[in-house]
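The lines below spell out each chain.
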Amino acid sequence: MSRISQMLPRHFGPYGGRYVPEMLVPALKELAQGYGQCKQDPQFQAQLTDLYHNYCGRPTPLYFADKLTKTLGGCKIYLKLEGLAHTGAHKINNALAQALLALRLGKTKIIAETGAGQHGLASATAAARCGLQCTVFMGEVDIRRQYPNVYAMKLLGAEVIPVTDGTKTLKDAVNATLKYWIQHLEDTHYILGSALGPFPFPVIVRDFQSIIGREVRTQILEREKRLPNHLVACVGGGSNAMGLFHPFLHESGIRFHGAEAGGRGPKIGDHAARFTNTPKVGIAQGYKSYFLQNDHGQLQDTHSVSAGLDYAGVGPELAWLYDQQLVEFSAITDVQALEAFTILTRLEGIIPALESAHAVARAMELAPTLPQDEIMVVNISGRGDKDIFITARELDRNNWMAFLKREVEDDQ
Ligand SMILES: Cc1ncc(COP(=O)(O)O)c(C=O)c1O
């Protein structure tokens, strides 16, 4: 392996690594090498910066949530509005950058897994923009609950393949994508959507998502002339959290907060809280980290109202930061997330993705306990349009069902 790719961290403490079938090793080495070169290539960086600015709408705003701050009566709350990036979430930061990387590697096709559909949508969009063929693997359950994104992916020319194994959610989609990749290595790049999987994916995704934290640093220094005291993000695989946290990790005096999916409660199968409920270390899907698993190392079923947090594993760097007590995790239930969703919508006129609503709920727990001169930044990783089939059912059930019925009847 070249010196460039050797400089990328392969492990975070004992976590991370590359636990894959032999056949996949050359492709991962090629990827590490290609990424290492792009990282140092001013032309690649300039092309990416131009697209972030002119295509994705970056920098996304850092908004002072005046009414939320006053209502909670504690620290000042700023919201980083990643939902205003093209395609409605942070996922485009990574998907677009990896699509450019795929072109550099001479690939003509990309594949992606998706849970909430945001990464699938971002990948389909990046593929359309870069002239790449795109196939997205998505669990059947997620296809049903995130149909607006499935429709958009198809509009963009992507093929969406339903995954019917296991719980038919994100972990099964990751397995299916890895399996497909092994058979199509020659012309295909796998755009992995979170800061997890075998080396070098965790570091690639983290680096591409770090644009979030770098922008926050500039924006908060402009507004407040100092760094924040608290950073809050929801944690599925960990890409928006690592993107926000990473540029601040070397600073002292900042607390990092991760909100996991507490689902319906602490019973196994009812949540996706890897850290909050007796964390267990294991190896799955190509990397070592904390996983929700049984005594035989089988990944457990998970549940969350938000498809993007409904995953049994978590990125290896977050696992290491947890061990060092650098990131504090807490489980936010479905009910709390829906409540935070409604409050943010009504108070600030911002409809968050259900994933991001978990971060808002955590902020709502913390803020009242903190002094008024402290500053908190909450990452609103996405906007809530995609969740209409869930939130309307939960919050306006009768009208929504009557509307759906009318639509079907009108069509017949
Ligand atoms: C809007 C949004 N936020 C957060 C996540 C969770 O992913 P990650 O932890 O990688 O940021 C997802 C995943 O699909 C998402 O769509």
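Residues numbered from 1 in each chain as written. Predicted model: local features only at pLDDT ≥ 70, side-chain atom pairs only at ≥ 80, totals over all residues.

Remarks on the overall build of the chain
Convention followed: Helix numbering and strand numbering both begin at the N terminus, where a helix is a DSSP run of H or I of at least 4 residues and a strand a DSSP run of E of at least 2. Using C-alpha atoms as the atom set, the radius of gyration is obtained and then compared with a globule rule of 2.2 Å times the number of residues to the power 0.38. With C-beta atoms placed from the backbone, the exposure class of a residue follows from how many other C-beta atoms lie within 10 Å of its own: 20 or more, buried; 12 or fewer, exposed; in between, partly exposed. By definition, residues are in contact whenever their C-beta atoms, placed on the basis of the backbone, come within 7 Å of each other.
A tally of helices and strands in the chain yields 17 helices and 14 strands. A compact globule built from 412 residues would reach a C-alpha radius of gyration of about 22 Å, and the chain, at 20 Å, matches this within 12%. Projecting the C-alpha coordinates of the chain onto the three principal axes gives extents of approximately 60 × 55 × 50 Å. Buried positions account for 52% of the 412 residues belonging to the chain. For the chain, the proportion of contacts with a sequence separation of at least 24, taken over those separated by at least 6, is 76%.

Considering the pairing of strand 4 (residues 76-81)
Inclusion rule: Strands are labelled as partners when DSSP assigns at least two bridges between them.
Of all 6 residues in strand 4, 6 are buried; the element is thus mostly enclosed. Of the two faces of strand 4, the one carrying Lys76, Tyr78 and Lys80 and the one carrying Ile77, Leu79 and Leu81 are both buried. Examined bridge by bridge, strand 3 (residues 62-64) and strand 4 share 3 bridges and lie antiparallel to one another. From the neighbouring strand, Tyr63 faces strand 4, where its bridge partner is Leu79.

Focus: the nonpolar core
Applicable threshold: By convention in this section, buried Ala, Val, Leu, Ile, Met, Phe, Trp, Tyr and Cys residues joined through C-beta atoms within 7 Å make up a nonpolar core. Segmentation of the chain into domains, including their bounds, is taken from an automatic or database domain assignment.
Counting 117 residues, the largest nonpolar core has Ile77, Ala363, Met376 and Val378 as the members making the most contacts within it. In terms of residues, this core owes the most to one element, helix 15 (residues 354-366), which gives 8 residues. No fewer than three residues from each of domain 1 (11-44 + 90-205) and domain 2 (62-88 + 210-393) sit in this core. Apart from the residues within four sequence positions on either side, Val378 is in contact with Ile77, Leu79, Val232, Ala359, Val360 and Ala363.

Let's talk about the packing of helix 14 (residues 334-348) against helix 15
Going by this rule: Note on geometry: axes are C-alpha line fits, over the in-contact stretch for helices, and angles between N-to-C directions span 0 to 180 degrees. Note on angle classes: values under 35 degrees are labelled roughly parallel, values over 145 roughly antiparallel, values of 65 to 115 roughly perpendicular, and the remainder oblique. Classification used: nonpolar for Ala, Val, Leu, Ile, Met, Phe, Trp, Tyr, Cys and Pro, charged for Asp, Glu, Lys and Arg, polar for all others including Gly.
Between helix 14 and helix 15, whose axes approach to 8 Å, the crossing angle comes to 85°. When the axes of helix 14 and helix 15 are compared, the pair comes out roughly perpendicular. Between helix 14, through Gln336, Ala337, Glu339, Ala340, Phe341 and Leu344, and helix 15, the contact on the second element is made entirely by Leu354, Ala357, His358, Val360, Ala361 and Met364. Classifying every residue of the contact of helix 14 with helix 15 gives 9 nonpolar, 2 polar and 1 charged.

Some details on the site of the ligand
Under the convention used in this document: For each residue, a C-beta position is placed from the backbone atoms; the residue is near a molecule or strand when that point lies within 6 Å of it.
In the neighbourhood of the ligand, 21 residues make up the surrounding shell, with Gln118, Gly236, Ser239, Gly308 and Gly382 lying closest. The greatest single-element share of the shell around the ligand, amounting to 3 residues, is contributed by helix 12 (residues 239-245). Considering only residue class, the shell around the ligand consists of 7 nonpolar, 13 polar and 1 charged. A domain split of the shell around the ligand shows at least three residues from each of domain 1 (11-44 + 90-205) and domain 2 (62-88 + 210-393).

Observations concerning the sheet that holds strand 14 (residues 375-380)
Within the open sheet, the 6 strands sit side by side as 3-4-14-9-10-13. Their pairing is mixed. Of all strands in the sheet, those with a lone pairing partner are strand 3 and strand 13 (327-333), marking the two edges. When strand polarity is set aside, the average angle formed by the axes of neighbouring strands in this sheet is 25°. Here 6 bridges tie strand 4 to strand 14, and the two strands are oriented parallel to one another. Bridge assignment links Tyr78 to a residue of strand 14, and that residue is Val377.

Focus: helix 6 (residues 118-130)
The criterion, for reference: In this scheme, a helix's expected span is set at 1.5 Å multiplied by one less than its residue total.
An ideal rise of 1.5 Å per residue puts 18 Å on 13 residues; helix 6 measures up with 18 Å between its terminal C-alpha atoms. By the burial criterion, the buried members of helix 6 are Gln118, His119, Gly120, Leu121, Ala122, Ser123, Ala124, Thr125, Ala126 and Ala127. The secondary structure elements touched by the buried residues of helix 6 are helix 5 (91-104), strand 5 (109-114), strand 6 (133-139) and helix 8 (147-155). In the stretch just after helix 6, Gly131 is the one whose phi turns positive, near 70°.

Observations concerning the packing of helix 5 against helix 10 (residues 201-209)
Threshold: Should the near helix be turned counterclockwise from the far one by less than a right angle, the crossing is left-handed, whereas a clockwise turn marks it as right-handed.
Across the interface, helix 5 lies against helix 10 with an axial gap of 8 Å and an inter-helix angle of 115°. Here helix 5 runs over helix 10; the crossing is right-handed. Taking contact as the criterion, the partners of Asn93, Asn94 and Ala97 in helix 5 are, on helix 10, Val205, Phe208 and Gln209. Residue composition of the contact of helix 5 with helix 10, by class: 3 nonpolar, 3 polar and no charged.

Remarks on the sheet that holds strand 5
Across a sheet, paired strands are connected by hydrogen bonds in the backbone, their directions being either parallel or antiparallel. Pairing is parallel in the open sheet, where 4 strands are placed in the order 7-6-5-8. Only two strands of the sheet have a single neighbouring strand rather than two, namely strand 7 (159-163) and strand 8 (188-190). On average, adjacent strands in this sheet sit at an angle of 25° to one another, irrespective of strand direction. Relative to strand 6, strand 5 runs parallel, the two being bridged by 6 bridges. Of the residues in strand 6, the one forming a bridge with Lys109 is Gln133. Strand contacts of helix 9 (residues 170-183): strand 5, strand 6, strand 7 and strand 8, with the helix running at about 160° to strand 5, the strand carrying the most contacts.

Considerations on the environment of Gly115
Residue position: Gly115 is located in the loop between strand 5 and helix 6. The exposure class of Gly115 is buried, given the 31 C-beta atoms found within 10 Å. Taking the C-alpha atoms as reference points, Gly115 and Leu326, separated by 211 residues in sequence, lie 27 Å from one another. Not counting residues up to four positions away in its chain, the partners in contact with Gly115 are Asp142, Thr169, Leu170, Ala173, Gly236, Ala307, Gly308, Asp310 and Tyr311.

Looking at the domain arrangement of the chain
By convention, interface size is frequently given as the accessible area that disappears when the constituent parts associate. Here the domain parsing of the chain yields domain 1 (11-44 + 90-205) and domain 2 (62-88 + 210-393). Just the C-alpha atoms count here: the centres of domain 1 and domain 2 sit 22 Å apart. At the interface, 41 residues of domain 1 touch 44 residues of domain 2. Among the elements of the structure, strand 2 (15-16), helix 5, helix 6, helix 7 (140-145), helix 8, helix 9 and helix 10 are those that each provide at least two residues to the side of domain 1 that touches domain 2.

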